[in-house]
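Working through the structure, step by step
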Amino acid sequence: MATIVGIDLGTTNSLVAYMDGDRPRVIPGKEGRTMVPSIVGFLDNGLVVGDPAREHLVRSPSRTIYSVKRFMGKSVADVAGELSYFPYVLREKGGVIRIQMGDKTYSPPQVSAMILKELKRRAEAHLGEELTRAVVTVPAYFNDSQRQATKDAGLIAGLDVLRILNEPTAASLAYGLQRNARGIIAVYDLGGGTFDISILKLKDGIFEVLATNGNTHLGGDDFDRRMMDAVIRDVRDRHGINVDDDPELMQTIRLEAEQTKRRLSDEPQARMTIPLPEGRGAYERTWSRDEFETLTADLVEQTMAPCRLALKDAGLETGQVDEVVLVGGSTRMPCIRDRVQALFGKTPHCDLNPDEVVALGAAVQAGILAGDNTDMLLLDVTPLSLGIETMGGVMSVVIRRNTTIPASAREMFTTSADGQTSVDIHILQGERELVTDNRSLARFQLKVPPLPAGTPRIEVTFLIDANGILNVTASDIRTGRSQSVQVKSSHGLTDEEVEHMIRDSFRFAEQDVRARQLIEARIEAEAIITATEKALRRGENLIERDEAQAVRHAMDALRAANAGEDHRAIRSKITDVEHITHHLAEVLMDATLKDALENKKLSEVRE
């Protein structure tokens with residue numbers, strides 16, 4: 001069977017690995033470097049990828065693309081706050097980012113495919129065979145659109161992406177091979193552009209993700225930018241140079257900031273020297289580790305809140321975590337290791353190279369898919385709840401967050417109005433009670449025959465595959481008619497949505513529940529008022545005038561309560577109406593039975 005490779009398609013660097021017997025190995029290039037910088041340079045006669053493109057970045061920044069992973073599955077509006085850091089121009093077509101390179105534009109999946117092709121060539125040269133299948137990793141917080149964009153990139157590169165694998169989950173697989181661990185493991189993954197925290201349960205070869213959280217726009221790049229911004233201000237103040245007007249100098253500063261940050265992980269001080277244009281000498285500065293850590297302290301703290309939320313979702317305290325695993329090159333920073341140790345109360349493990357561990361885990365997953373390793377089972381989870389809009393603007397959850405995937409769930413719904421000929425299926429993602437506070441994924445309509453409200457039975461099925469891609473089907477049980485959609489939104493979550501979606505679900509939990517209870521009480525009250533009015537029209541002449549008057553007074557009281565904001569008052573008046581109409585319901589039932597018997601006797605006489 002042809003080899004299946006594992007690929008870590010990273011923001012800053014990318015790697016490819018394979019199973020060499022029972023051990024995963026990262027494939028090096030000709031120079032022995034395992035990492036391929038995720039950079040593409042466009043030349044007059046072609047393009048370069050990796051280290052040559054990194055050199056091209058300084059010489060021709062406007063014709064070099066880097067950090068393309070930040071744009072996967074997003075719109076220009078999603079990344080508007082970052083545009084000043086990139087020397088190339090972004091366009092938008094159909095809600096999707098297009099990167100302008102000369103007279104051509106490229107989508108993020110196209111650029112990512114160029115990086116994947118380079119990894120594919122490297123692996124084929126090393127293994128001596130053609131490769132067509134791969135496992136590709138993504139941040140755990142990548143949504144459906146971003147995962148689909150990653151699969152599209154693989155397709156363009158000539159690779160069948162068999163599995164989209166969460167990066168922290170991949171790391172857990174790599175460490176699962178390293179030792180036969182049991183218990184609870186926290187995987188803290190800080191890469192070049194994204195942060196993820198996953199809480200995993202390891203037992204008897206089964207890796208189960210209990211909870212995930214993170215930030216798709218926080219990574220090592222942001223630490224570089226803090227130093228970069230400080231240097232840009234310094235160059236302007238000391239040398240009178242506006243760096244914004246010099247793209248080449250901007251990129252030189254960016255690369256030097258990155259290198260200085262790396263040196264400060266190993267040394268207490270690092271000297272920075274940047275040649276200035278037009279023979280104006282050089283900018284020089286010595287950075288201390290303390291100075292850099294003060295500059296970026298808030299970025300480190302921004303990773304702590306998702307850690308606490310993931311623990312809360314898993315129903316765990318920090319003391320219940322048995323091991324902490326560090327993943328991503330950015331976890332080499334001493335300030336990160338110290339802060340993670342302080343939070344979890346134990347020394348984090350970093351036995352494997354943090355730059356390579358995700359690719360190694362992807363190779364392990366590839367080996368499982370190829371049938372090379374049957375001793376391990378991987379259970380992943382969906383990071384956000386999925387559901388549909390129901391009457392009153394309420395979200396009805398079909399699949400709850402942190403449900404193990406692949407997963408499917410079914411719920412039964414009906415119509416809310418007489419003679420309704422179609423049902424609008426509005427698919428939502430999020431943790432809030434009301435539709436307006438969640439993210440809209442897709443809409444479609446299902447045609448139904450015109451029947452009284454509540455008569456049609458509509459079954460809605462949610463199916464999430466192993467890659468986290470969502471398919472939704474709605475079926476009319478009576479007619480067998482169905483309609484389905486694969487959710488492919490045009491762009492991904494904004495920064496604010498990613499950061500606040502889950503946090504707000506806790507912050508506004510009490511308020512949301514009250515709002516939902518009020519909506520549901522009002523809907524029930526309106527239904528009871530309508531039904532009681534119909535019953536009274538049919539049975540008013542069958543009961544005493546005082547009783548009919550009491551029913552009307554009870555309905556008036558219910559209408560008054562329904563206009564208020566207290567769901568408990570509405571529920572109380574609903575109970576009053578149900579109680580006072582009990583005799584009316586009995587009288588109507590008797591009358592219905594009597595009519596039925598008389599009709600039967602008439603039928604028998606005619607026969």
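Look above for the structure.
Residues numbered from 1 in each chain as written. Predicted model: local features only at pLDDT ≥ 70, side-chain atom pairs only at ≥ 80, totals over all residues. Heavy atoms only, no water.

1. Quick notes on the pattern of salt bridges
Per the stated rule, a full pass over the model turns up 27 salt bridges. In this structure, Asp-234 engages Arg-238 in a salt bridge whose closest nitrogen and oxygen atoms are separated by 3.1 Å. Taken together, the residues span about one helical turn, with Asp-234 and Arg-238 both in helix H5 (residues 220–239) at a distance of 4 residues. Of the charged contacts, one joins Asp-237 and Arg-236 as a salt bridge, the two residues approaching to 3.6 Å between their closest N and O atoms. Residue Asp-237 is classed as exposed on the basis of its relative accessible area of 59%. For Arg-236, a relative accessible area of 43% corresponds to the partly exposed category. By sharing partners, the salt bridges in this structure join Asp-234, Arg-238, Arg-285 and Glu-291 into a single network. (Salt bridge = Lys/Arg side-chain N within 4 Å of Asp/Glu carboxyl O. Helix = DSSP H or I, 4+ residues; strand = E, 2+ residues; numbered from the N terminus. Buried < 20%, exposed > 50% of the residue type's maximum accessible area, 1.4 Å probe, protein only.)

2. Things to note about the pairing of strand E12 (residues 160–166)
In terms of burial, E12 is a largely internal element, 5 of the 7 residues being buried. Examined bridge by bridge, strand E11 (residues 133–138) and E12 share 6 bridges and lie parallel to one another. Each bridged residue has a counterpart across the sheet, and for Arg-133 the counterpart in E12 is Asp-160. (Pairing = 2+ DSSP bridges.)

3. Focus: the packing of aromatic side chains
Taken as a whole and judged by the stated rule, the model has 4 aromatic pairs. Chaining the aromatic ring pairs together yields one cluster made of Tyr-66, Phe-71 and Tyr-88. The aromatic ring of Tyr-66 is capped on one face by Arg-254, whose charged end is 4.0 Å from the ring centroid. (Phe/Tyr/Trp six-rings, centres within 6.5 Å; stacked < 30°, edge-to-face > 60°. Lys NZ or Arg CZ within 6 Å of the ring centre and 35° of its normal.)

4. Digging into the sheet that holds strand E20 (residues 386–390)
Two orientations exist for strands paired in a sheet by backbone hydrogen bonds: parallel and antiparallel. Here we have 4 strands laid out as an open sheet, ordered E21-E20-E24-E25, and antiparallel in their pairing. The sheet is open, and its two borders are formed by strand E21 (394–399) and strand E25 (439–447), each paired with just one other strand. In this sheet, neighbouring strand axes are inclined to one another by 30° on average, regardless of whether the strands run parallel or antiparallel. Note that E20 and strand E24 (residues 422–429) share 3 bridges and pair antiparallel. Each bridged residue has a counterpart across the sheet, and for Ile-388 the counterpart in E24 is Ile-427. (Axes fitted to C-alpha atoms, helices over the stretch in contact; angles between N-to-C directions.)

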